[in-house]
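Structural description and commentary
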Amino acid sequence: MNELERFRDVTTFIFDVDGVLTNSQLIILEDGSLLRQMNVRDGYAIKRALEVGYRVCVITGGKSLGVVERLQGLGVVDVYYGVRDKVEAYREFMDLYELDDAGVLYMGDDVPDYEVMRLVGFPACPRDACLEILSLAKYVSDKGGGAGAVRDVIERTLRVKGEWLPGPGEEVPRSV
């Protein structure tokens, strides 16, 4: 089977933040606030996926309102933050839209993602995920967290279906 064919059944993307949309490192300021860095190309891919009709959800234990604003600015409506039980948030999201586990690609990087990744049809991770997640993933991106791993899985999914490049007269989404 062509490697891209594995992505054909994906209809929904769910991502963790720290270690997936970011490089898992935090800058701690003197006032105690935390800074994270996100990849602009991941942002473009998220916007493109939303434009062509995919659901995109983020489930994170983090509580950064800046991260929430960034994701909402990209068009992500379903952002679960400050989550203690990712399985509970996942089930709430799935029930809300009456989705099937088989069509979900979940990208996580660490132990808090493990149980959700066991439920989805397509568990994926960045190359720098922890050992438990690497062993569970059906796809390991050659990109690290915060370094294009999100773009990698979205682009592969959209390419296999001919949806990656904008069609005639379709505007190219802006990632900023």
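Scanning the chain from N- to C-terminus turns up six helices and eight strands. Put simply, the chain runs from its N terminus to its C terminus through helices and strands in the order β-β-β-α-β-α-β-α-β-α-β-α-β-α. Radius of gyration (C-alpha) of the chain: 15 Å, near the 16 Å computed for a compact globule of 176 residues. When its C-alpha atoms are laid out on the principal axes, the chain stretches across 50 × 35 × 35 Å. When burial is assessed residue by residue, the chain has 46% of its 176 residues classed as buried. Long-range contacts, defined here as pairs at least 24 residues apart, represent 55% of the contacts in the chain between residues at least 6 apart.

The full count for this structure, using the stated rule, is zero disulfides. The closest cysteine sulfur to the non-disulfide-bonded Cys 57 is located on Cys 125, 18 Å from its own sulfur. Among the cysteines around Cys 125, which has no disulfide bond, Cys 130 carries the closest sulfur, lying 8.3 Å off.

Between helix 1 (residues 40-51) and helix 6 (residues 149-160), whose axes approach to 8 Å, the crossing angle comes to 35°. Note that helix 1 runs across helix 6; the crossing there is left-handed. Residues Arg 41, Asp 42, Tyr 44, Ala 45, Ile 46, Arg 48 and Ala 49 of helix 1 touch helix 6, and the partners they reach there are Ala 149, Val 150, Arg 151, Ile 154 and Leu 158. Classifying every residue of the contact of helix 1 with helix 6 by side-chain character gives eight nonpolar, no polar and four charged.

So, about the sheet that holds strand 6 (residues 104-107). Reading across the sheet, the six strands line up as 5-4-1-6-7-8 and stay open at both edges, with parallel pairing between neighbours. Edge strands, defined here as strands with exactly one partner in the open sheet, are strand 5 (78-80) and strand 8 (139-140). Helix-sheet contacts for helix 3 (residues 86-97) involve strand 1 (12-15), strand 4 (55-59), strand 5 and strand 6, and the interaxial angle to strand 5 is about 160°.

All right, on to the pattern of salt bridges then. If the charged atoms of two oppositely charged side chains come close together, the side chains can form a pair. Under the definition given, this model contains 10 salt bridges. In this structure, the salt-bridge partner of Lys 86 is Asp 16, at a minimum N-O distance of 2.9 Å. With a gap of 70 residues between them, Lys 86 in helix 3 and Asp 16 in the loop between strand 1 and strand 2 (27-28) connect regions that are remote in the sequence. By relative accessible area, Lys 86 is classed as buried at 8%. Given the relative accessible area of 5%, Asp 16 is considered buried. A salt bridge links Arg 159 to Glu 155, with the nearest nitrogen and oxygen atoms 2.8 Å apart. Placement of both Arg 159 and Glu 155 in helix 6 is noted, with a separation of four residues, approximately one turn of the helix.

With 12 residues, helix 3 ought to run about 16 Å at 1.5 Å a step, and its terminal C-alpha atoms sit 17 Å apart, in line with that. Lys 86, Val 87, Ala 89, Tyr 90, Phe 93 and Met 94 are the residues of helix 3 that are buried. All buried residues of helix 3 project into a common sector of 160° when viewed along the axis, lining one side. Set apart from the buried face of helix 3 by more than 90 degrees, the exposed residues are Glu 88, Asp 95 and Leu 96. The inward-facing, buried residues of helix 3 abut strand 1, strand 4, strand 5, strand 6 and helix 4 (114-119). For helix 3, the N-terminal cap is Asp 85; the gap from its side-chain oxygen to the backbone nitrogen of Val 87 is 3.1 Å. Trailing helix 3 by a residue or two, Glu 98 shows a phi angle of about 50°, which is positive.

The rules behind the values
- Residues numbered from 1 in each chain as written.
- Predicted model: local features only at pLDDT ≥ 70, side-chain atom pairs only at ≥ 80, totals over all residues.
- Heavy atoms only, no water.
- Helix = DSSP H or I, 4+ residues; strand = E, 2+ residues; numbered from the N terminus.
- Rg over C-alpha atoms; globule rule 2.2 N^0.38 Å.
- Buried < 20%, exposed > 50% of the residue type's maximum accessible area, 1.4 Å probe, protein only.
- Contact = heavy atoms within 4.5 Å.
- Disulfide = S-S within 2.5 Å.
- Axes fitted to C-alpha atoms, helices over the stretch in contact; angles between N-to-C directions.
- Left-handed = near helix turned anticlockwise from the far one by under 90°.
- Nonpolar A, V, L, I, M, F, W, Y, C, P; charged D, E, K, R; others polar.
- Pairing = 2+ DSSP bridges.
- Salt bridge = Lys/Arg side-chain N within 4 Å of Asp/Glu carboxyl O.
- Expected span 1.5 Å × (residues − 1).
- Arc of directions from axis to C-beta.
- Polar contact = N/O pair within 3.5 Å; in protein donor to acceptor, adjacent residues only side chain to side chain.

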